[in-house]
Amino acid sequence: MLNNQDSISKLLKEQQKEKQYQLMVDKIIERDGVIYTPIQLAVETALETKRDTLFYFLDKAKKENKPVMTVFKEAMVQTHSNNLSYKPTLNVSSTKFIGGNGIGKTEIAIPFICNWLKQQGLNPIVYKIYDKKDEAVIYPTSENPEKDVLVLYVSCVGLEAPSIVGMPLKEEGKRKILNEQLKDTGEYRSVSTIQFSEVGKFASLNNFAQSILILDEINRSPELSIFNAILNGEPIEGFSFSPSTLIFSMQNSESDGLNDVNYADGAAKTKTQTFHIYQTVEDWKHYAFKKQIHPAVIGFMENVPKLFEIQKDNFKELAYPTFRGATNFSKDLYALEEKYANKKTLLGNNQQNLSFKMLQGKNYIPMNLVKALFQARVGVHADQMDLPMLFTKYYTD
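Predicted model, so just to flag it, every value in this text is computed and none were measured.

## Side note on empty space enclosed by the protein
Logical step 1: Taken as a whole and assessed by the stated rule, the structure comprises 2 cavities of 30 Å³ or more.
Logical step 2: As a volume, the second largest cavity reaches approximately 30 Å³.
Logical step 3: Residue lining of the second largest cavity: Val297, Phe300, Met301, Phe308, Ala326, Phe329, Phe374, Val378 and Phe391, and that is the complete set.
Logical step 4: Only α10 (295–303) and α12 (323–340) provide two or more residues apiece to the lining of the second largest cavity.

Here it is, written out as structure tokens:
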């Protein structure tokens, strides 16, 4: 009887999963001749269609009853022996995800990737260094290390990549290296790197049989051609891939007029799988509840979803509505409420003064301040310039 109940429960879960998947498929839209896919569906499709790449050496090792790294090294030896049945770039496959600003590309993609890997019987290891004392280079940690998959996020701009120009970085004719102590023998080895600031991250790729490399804001980097070479699995001095590597590139649009980015040429566009993605308020809402986004912010966005899903510049030196802006505004609104939580105004119970609105008991917040804060964080939409007023009205009703 218990087995039957388990079977029924499993069947119901599968049916619910299929229903949710179909709902995502139904959200695929077309605007101006371009097809836009919800973020989660695009990531899942990329993972499913690239599955053979990720499992190539794992499946081959299982078939030949050999360690993954042994099978990989044998393939490389065959290549160098002029046996062209295997090319190094065949173990690398990439996908570009192009979407608006602040829609949560990486925030949604990384947890979803980890869940998907677990469903495939693999163990995701997300690269995280919380303290300067932590070792920069990480290793497989599970009992079956060949099933560990390194999930590695790299920002192509900002503090994480202060000097991409001239990559790989050289000093006095030699590549900068990381002198890494091996845990099993205590000996040291030299690890070549792309740049010294990323030695730990990139050196870690060498220790995993499988990896998923996430390159964020690739088209904002002045060295777009270098990152495109990595994206296409081409050999780069000072950089080496895991035996099986998937590369996901997260970037903003080149053509929507909202971003100052570098443009990819035709070759770069045709060498990789590319999804144009967007976020829906309905999907974002699940993330928002988990992150405890202010209920008024969630409710307001549900009332005007298109103003957040379709980004338009307002040309007023102000932000335009994004999911990132809504998240940040939620934090500011909580802080404002806390400030006024124990503050009583001189107005007492006078509700006719439109500059103030009672929230709880005798607590008041200036409505004009709410409007100013909304405009400062969320901005205004080209199709709805009075958005701050609309939110304030929703918030105080």
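## Brief notes about helix α3 (residues 51–64)
Logical step 1: Look at α3: 20 Å from first C-alpha to last across 14 residues, which is about the 20 Å you get at 1.5 Å a residue.
Logical step 2: Along α3, the largest kink reaches about 35° and is centred on Phe57.
Logical step 3: Every buried residue of α3 is accounted for by Thr53, Leu54, Phe55, Phe57, Leu58 and Ala61.
Logical step 4: With its phi angle positive at about 55°, Asn65 sits one or two positions after the end of α3.

## Structural notes on the packing of helix α9 (residues 281–290) against α12
Logical step 1: Between α9 and α12, the least distance of the axes is 12 Å, while the angle of their chain directions is 35°. Crossing geometry of α9 relative to α12 is assigned as right-handed. On α12, the residues touching Val281, Trp284 and Tyr287 of α9 are Phe323, Ala326 and Thr327.
Logical step 2: Looking at the contact of α9 with α12 residue by residue, the class counts come to 5 nonpolar, 1 polar and no charged.

## Overview of the layout of surface pockets
Logical step 1: Put simply, the largest pocket is a space of about 1,100 Å³.
Logical step 2: Lining the largest pocket we find 29 residues, and of these Met24, Gln40, Ile108, Phe112 and Asn115 sit closest to its centre.
Logical step 3: When contributions to the lining of the largest pocket are tallied by element, the ones reaching two or more residues are α1 (2–26), α2 (39–49), α5 (105–119) and α9.

## What to know about the sheet that holds strand β4 (residues 123–126)
In a beta sheet, neighbouring strands pair by backbone hydrogen bonds and run either parallel or antiparallel.
Logical step 1: An order of β1-β2-β12-β3-β11-β10-β5-β4 is seen for the 8 strands of this open sheet, with the pairing classed as mixed. With one partner strand each, in any of the chains shown, β1 (29–31) and β4 form the two edges of the open sheet. Along the sheet, successive strands turn relative to each other by an average axial angle of 30°, direction set aside.
Logical step 2: Bridge count for strand β10 (residues 210–216) against strand β11 (residues 244–252) is 7 bridges, and the pairing is parallel. From the neighbouring strand, Leu215 faces β11, where its bridge partner is Ser249.

## Examining the packing of aromatic side chains
Logical step 1: Evaluated as defined, the whole model comprises 13 aromatic pairs.
Logical step 2: Ring centres of Phe300 and Phe374 lie 5.9 Å apart, and the angle between their planes is 90°; this geometry places the pair in the edge-to-face category. Of the two residues, Phe300 sits in helix α10 while Phe374 sits in helix α13 (residues 367–377), which places them 74 residues apart along the sequence.
Logical step 3: Judged by its relative accessible area of 4%, Phe300 is buried.

## Here we look at the nonpolar core
Logical step 1: Core analysis: the biggest nonpolar cluster contains 61 residues, and Phe248, Phe308 and Phe391 have the highest contact counts within it.
Logical step 2: Among the elements that take part in this core, α5 stands out by supplying 8 residues, more than any other.
Logical step 3: Among residues more than four places away in sequence, those in contact with Phe391 are Ala296, Val297, Phe300, Phe329, Leu333, Val370 and Phe374.
Logical step 4: Val92, Ile125, Leu205 and Ile218 belong to the second largest nonpolar core, which has 23 residues in total.

Conventions and cut-offs
- Counting starts from 1 at the beginning of each chain's written sequence and moves along it residue by residue.
- It should be noted that, the model being predicted, local features are given only for residues of pLDDT at least 70 and side-chain atom pairs only at 80 or more, the latter also being counted only at that level, while totals for whole chains, interfaces and linings use all residues.
- Only hydrogens and water are removed before side-chain values are computed, so all heavy atoms of the structure are retained for them.
- Put plainly, a pocket is an open set of points on a 1 Å grid over the protein atoms alone with protein on both sides within 12 Å along at least five of seven lines, a cavity is a set where a 1.4 Å probe fits but cannot get out, and a lining residue has an atom within 4 Å of a point.
- Grid points are joined across faces, edges and corners, and a volume is the space filled by probe spheres set on the points.
- Labels follow the DSSP assignment, with helices taken as runs of H or I lasting at least four residues and strands as runs of E lasting at least two, numbered in each case from the N terminus.
- One fewer than the residue count of a helix, multiplied by 1.5 Å, yields its expected span.
- Bend is computed residue by residue as the angle between axes fitted to the seven residues ending at the residue and the seven residues starting at it.
- Buried, partly exposed and exposed residues are distinguished by accessible area as a fraction of the type maximum, computed with a 1.4 Å probe on protein chains only: under 20%, between the cut-offs, and over 50%, respectively.
- To define axes, lines are fitted to C-alpha atoms, for helices over the stretch in contact only, and angles between the resulting N-to-C directions are given on a 0 to 180 degree scale.
- Whether a crossing is left-handed or right-handed is set by the direction in which the near helix is turned from the far one by less than a right angle, anticlockwise for left-handed and clockwise for right-handed.
- Residue contacts are defined here by distance: any two heavy atoms, one from each residue, within 4.5 Å place the two residues in contact.
- As a working rule, the residues Ala, Val, Leu, Ile, Met, Phe, Trp, Tyr, Cys and Pro are called nonpolar, Asp, Glu, Lys and Arg charged, and the rest polar, with Gly in that last group.
- Strand pairing is assigned whenever DSSP identifies at least 2 bridges connecting the two strands.
- Each Phe, Tyr or Trp ring (for Trp, its six-membered ring) is paired with any other whose centre lies within 6.5 Å, and the angle between the two planes then decides the class: stacked below 30 degrees, edge-to-face above 60, tilted in between.
- In plain words, nonpolar cores are sets of buried Ala, Val, Leu, Ile, Met, Phe, Trp, Tyr and Cys residues tied together by side-chain atoms within 4.5 Å.

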